[in-house]
Amino acid sequence: MVRTSWHPAPGHGGASRPGGGSTRGRPASQVPGVASRPVARRTASARWTQRELFVHVVVMGCGRVGSAIARRLEEVGHSVAVIDQDPGAFRRLGPEFAGRQVTGLGFDRQTLLDAGIDSAGAFAAVSSGDNSNIISARVARETFGVQHVVARIYDSKRAEVYERMGIPSVATVPWTVNRLLRELLSVKVSELWREPTGKVLLMRITVTEGWIGKKLGDLEKASGARAAWLVRFGDAQLPTYGTVLQDGDQLTVAVTDDITGRVHEVVEHGPTGGDH
């Protein structure tokens, strides 16, 4: 049986939980440390709207990467819950961290519920164990329908298998905290697949307002990406350089690892974004 407990951050509520009682089964908006922040609720289609600026994020693993992600997310206004088997690991979060700290296994259903997975918009599995990361990532996506999921994978030989499951994985390439955050929170650009060396990947782009009515070739030139196919009104097609982009179009593009940041910038900011 997994023992899951809530640990108040130093300086945020002292040694006892405000109001007493357990956080088990309570929504994120009713838990200390996240009540003041709006939380994005998934619709039936499991998509965020443009007005939902802040989301609840669950981070599994409170090591160097996990703690850095959690702190950065909280700094920019998101609500955060961190899961780790070792209560002592939460010291890495520092005294200013106000989010939830849940002791337990990241793939245990009740542990995830205690962390607010049922209201989460994103989930990052960044513990030190490949198996734990991929299992928890699959539970987050397949059981709770979390749209944005990332798993940290140390064994590059496994990476391709996990990518086929539809879960972006961090293998041998030196992903930074910023890149993990982009993958977790980007609504318009997301990674679909990465080949084992980590140098080339496929990304899905939802056409933003600034690109509606513009030619695909202009987007390719500005971002450096190469379009593989386009889905319009549910039908897939092979676009051309002169294809005019429409509202709701979804592009699958091939990019190299070194230009992923530019792709995000160009898509999010429109034709002038990233055009340096």
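About the criteria used
- Residues numbered from 1 in each chain as written.
- Predicted model: local features only at pLDDT ≥ 70, side-chain atom pairs only at ≥ 80, totals over all residues.
- Heavy atoms only, no water.
- Helix = DSSP H or I, 4+ residues; strand = E, 2+ residues; numbered from the N terminus.
- Buried < 20%, exposed > 50% of the residue type's maximum accessible area, 1.4 Å probe, protein only.
- Contact = heavy atoms within 4.5 Å.
- Areas by Shrake-Rupley, 256 points an atom, 1.4 Å probe, with all protein chains shown as cover.
- Pairing = 2+ DSSP bridges.
- Salt bridge = Lys/Arg side-chain N within 4 Å of Asp/Glu carboxyl O.
- Axes fitted to C-alpha atoms, helices over the stretch in contact; angles between N-to-C directions.
- Parallel < 35°, antiparallel > 145°, perpendicular 65-115°, else oblique.
- Left-handed = near helix turned anticlockwise from the far one by under 90°.
- Nonpolar A, V, L, I, M, F, W, Y, C, P; charged D, E, K, R; others polar.
- Core = buried A, V, L, I, M, F, W, Y, C linked by side-chain atoms within 4.5 Å.
- Polar contact = N/O pair within 3.5 Å; in protein donor to acceptor, adjacent residues only side chain to side chain.

A. Broad picture of the overall build of the protein chain. Per the secondary structure count, the protein chain includes seven helices and 12 strands. Counting all 276 residues of the protein chain, 49% fall into the buried class. A sequence separation of at least 24 residues applies to 59% of the contacts in the protein chain between residues at least 6 apart. Carbon and sulfur atoms form 52% of the exposed surface of the protein chain, whose accessible area is close to 13100 Å².

B. Inspection of the pairing of strand β10 (residues 226-232) at higher detail. Sheet topology places β10 next to strand β12 (residues 250-256); five bridges connect them, and they run antiparallel. When the bridges of β12 are listed, arginine 226 appears paired with alanine 254. Hairpin geometry of β10 and strand β11 (residues 235-237) is characterised by an intervening segment of two residues between the two adjacent antiparallel strands and by a positive phi of about 55 degrees at phenylalanine 233.

C. Representation of the pattern of salt bridges. Using the criterion set out here, one finds four salt bridges in the structure. Between glutamate 191 and arginine 194 there is a salt bridge; the shortest N-O distance is 3.0 Å. Between aspartate 257 and arginine 194 there is a salt bridge, and its shortest N-O distance comes to 2.9 Å. Of this pair, aspartate 257 sits in the loop between β12 and α7 (260-269) while arginine 194 sits in strand β8 (residues 189-194), and the two are 63 residues apart along the sequence. Comparing aspartate 257 with arginine 194 shows no difference in burial state: the two are buried. One connected set of salt bridges, linked through shared partners, spans Glu191, Arg194 and Asp257.

D. Local environment of the packing of helix α6 (residues 216-223) against α7. Two elements in contact, α6 and α7, have axes separated by 9 Å at closest approach and are oriented at 135 degrees. Considering the angle they form, α6 stands oblique to α7. The crossing of α6 and α7 is right-handed. Within the contact between the two elements, α6 uses Leu219, Ala222 and Ser223 and α7 uses Arg262, Val263, Val266 and Val267. Here the residues of the contact of α6 with α7 sort into five nonpolar, one polar and one charged.

E. Region of interest: the nonpolar core. Grouped together as the largest cluster of nonpolar side chains are 23 residues, with contacts concentrated most on Ile69 and Val82. For this core, the secondary structure elements donating two or more residues are β2 (56-60), α1 (64-75), β3 (79-84), β5 (120-125) and α5 (177-185). The element that contributes the greatest number of residues to this core is α1, accounting for five residues. When sequence neighbours within four positions are dropped, the list of residues in contact with isoleucine 69 reads Val59, Val126, Val177, Leu180, Leu181 and Leu184. One finds Ala81, Ala115, Val139 and Val149 within the second-largest nonpolar core, a separate group that totals 20 residues.

F. How the structure looks around the side chain of arginine 232. Structurally, arginine 232 can be placed in strand β10. Since its relative accessible area comes to 13%, arginine 232 is described here as buried. A polar contact is formed between the side chain of arginine 232 and the backbone oxygen of valine 244, at a distance of 2.9 Å. Setting aside anything within four residues of it in sequence, one finds arginine 232 in contact with Gln237, Thr243, Val244, Leu245, Gln246 and Asp249.

Distances and angles like these do not, on their own, reveal function.
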